[in-house]
Amino acid sequence: MKIIDKLFMVTALVCASTAHIHAADTYLTADAMVDITTGNIIENPALVISNGKIIQIGQQGRVPKPNGAEEITLAGQTIMPGLMDMHVHLSGDATTPFFVEMGYSIPRQTVVAVKNARKTLMAGYTTVRNVGAAGYSVIGVRDGINDGDVVGPRIFATGPALGITGGHCDNNFLAPELKAKSEGIADGVDAVRAKVRENIKYGANAIKLCATGGVFSKGTKVGIQQYTVEEIKSAVDEAHRRGLTVAAHAHGTEGIKAAIIGGVDSVEHASFLDAEAISLAKEYGTYLSMDIYNTEYTLTYGEKNGVPEENLNKERQVSKRQRDSFTMAVKAGVKMVFGSDAAIYPHGDNAKQLSRMVRYGMTPLQVLQAATINSATLLGRESDLGLLEQGYWADIVAVRGNPLEDVSVLENVTFVMKEGKSYKNLNQ
């Protein structure tokens, strides 16, 4: 080896070593920590965080503070992993009148998504899956967050949701002569496969398709199947080959079953479950993501916000039935994740659903697991997200109180850290 090469290697090693020594480490302590896997409360935890990841974790007195580390003391607070929401629409806003929002341009929707991304992170949600947005707007916001241009959670974004002509994911509100058509429309096996490829081409790192009618579309019945099993399988095959998960919007029973048999990773809403659908979900290992809070917001404020009567009537049809289905699924032991459908109710209020999940059958620990390790596993990120353990990203939230006794304390988080950076600390 030449002398110059040796000098280069030595210099590189010294620089790397020096960078490690002088990295801005953080030493974080709190009164308590929730062990998400066991449901135990760990008293007086201490964590050492470096380069965005947890490098040491234990109890105070056993985990020393590194020299020069920034110290964060969360006295009187309980910490747990950052929350995860598997069903949001950051570019939508429940407080904007229904038909006003429909007239928003893609640049305007992108601005809304920037606003809502910040709200979501400050509410304690460090990872979200955005399941449908026009014009790749949220993919742009995701990339802006990753580059440090704007503030928000880690985003898995689908791009435009796939749907059939005239289906739930199409634009059916305008007159025929305007020829309005949503970007994700794809009819037939080959067209569906091509649309998945197109979404991936423009940056999607998840895929969504609409297997049934829905509440907030015009002229669709929530219980009627739209995509066929063959079309769903083509989407799943193409997405899985590229390493992406697939979410299927499905309210109706037959559409839920078709989505599961088609191989999707999660069924969204899952309002009209029956015993066979539950059995299939268990057999295939499919996750359910059930938005059982937003009905309260829609039926209270929907008319005032200009939601048409057709859509309010469909919400009334779904409301109680979906909650009954949720209880059935929990009792049967189906795998569940947390999905709020934020945009149907205000972003930042995501955690209001947690208490409803307890009310309709889950234990507080099951709720916390749905919003952390279950969601991480759905995304294929169980090795670095969803837990407070060595080697995991330092996504951490804190509350005053014990969320295992009262999950509603998570509606008011006091501290938010994502990848080792503090974004909210009410103690400062």
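Here the structure is a predicted model, which means the values were calculated and not measured. (Residues numbered from 1 in each chain as written. Predicted model: local features only at pLDDT ≥ 70, side-chain atom pairs only at ≥ 80, totals over all residues. Heavy atoms only, no water.)

Regarding the layout of surface pockets
Taken as a whole, the largest pocket encloses approximately 1,400 Å³ of empty space. His89, Glu101, Met102, His168 and Phe216 are the residues nearest the centre of the largest pocket, which is lined by 50 residues in total. Looking at the lining of the largest pocket, the elements with two or more residues in it are α2 (98-102), α3 (106-122), α9 (294-301) and α10 (309-332). Of the residues contributing to the lining of the largest pocket, the split by class is 20 nonpolar, 21 polar and nine charged. By volume, the second largest pocket is sized at about 300 Å³. The wall of the second largest pocket is formed by 16 residues, among which Ile145, Asn146, Lys418, Glu419 and Tyr423 lie closest to the centre. Looking at the lining of the second largest pocket, the elements that each hand over two or more residues are α4 (137-146), β8 (154-157) and β16 (421-425). (1 Å grid on protein atoms, 1.4 Å probe; cavity = no way out; pocket = protein on both sides within 12 Å on 5 of 7 lines; lining within 4 Å. Points joined across faces, edges and corners; volume = space filled by probe spheres on them. Helix = DSSP H or I, 4+ residues; strand = E, 2+ residues; numbered from the N terminus. Nonpolar A, V, L, I, M, F, W, Y, C, P; charged D, E, K, R; others polar.)

Some details on the sheet that holds strand β11 (residues 266-269)
Read across the open sheet, the five strands follow the order β9-β10-β11-β12-β13; overall the sheet is parallel. For this open sheet the edge positions go to β9 (207-210) and β13 (336-337), each flanked by a neighbour on one side alone. Here four bridges tie strand β10 (residues 246-250) to β11, and the two strands are oriented parallel to one another. Across the sheet, His249 pairs through a bridge with Glu268, a residue of β11. (Pairing = 2+ DSSP bridges.)

Regarding the pairing of strand β14 (residues 396-399)
In β14, alternate side chains face the same way, and those of Ile396 and Ala398 on one face and Val397 and Val399 on the other are all buried. Across four bridges, strand β5 (residues 70-81) lies against β14 in antiparallel orientation. If you follow Ile79 over to β14, its bridge partner there is Ala398. The pairing of β14 with strand β15 (residues 415-418) spans three bridges and is classified as antiparallel. For Ile396, the partnering residue across the bridge sits in β15 and is Met417. (Buried < 20%, exposed > 50% of the residue type's maximum accessible area, 1.4 Å probe, protein only.)

Topic: the packing of aromatic side chains
Counting across every chain of the model gives six aromatic pairs. For the pair Phe98 and Phe99, a centre-to-centre distance of 5.0 Å together with 80 degrees between the ring planes defines the contact as edge-to-face. Classification of Phe98 as buried rests on a relative accessible area of 12%. In this structure an aromatic cluster arises from ring pairing among Phe98, Phe99 and Phe216. Above the face of the Trp393 ring, Lys53 is positioned so that its terminal group lies 4.8 Å from the ring centre. (Phe/Tyr/Trp six-rings, centres within 6.5 Å; stacked < 30°, edge-to-face > 60°. Lys NZ or Arg CZ within 6 Å of the ring centre and 35° of its normal.)

What to know about helix α11 (residues 352-359)
Those residues of α11 that sit buried are Gln353, Leu354, Ser355, Arg356 and Met357. Where α11 ends, the next residue or the one after it, Gly361, has phi of about 130 degrees, a positive value.

Regarding the state of the cysteines
Using the criterion set out here, one finds one disulfide in the structure. Between Cys169 and Cys210 runs a disulfide, and the two sulfur atoms are separated by 1.8 Å. On the criterion of sequence distance, the pair formed by Cys169 in the loop between β8 and α5 (189-201) and Cys210 in strand β9 is long-range, its members being 41 residues apart. No difference in accessibility class separates Cys169 from Cys210, as the two residues are buried. (Disulfide = S-S within 2.5 Å.)

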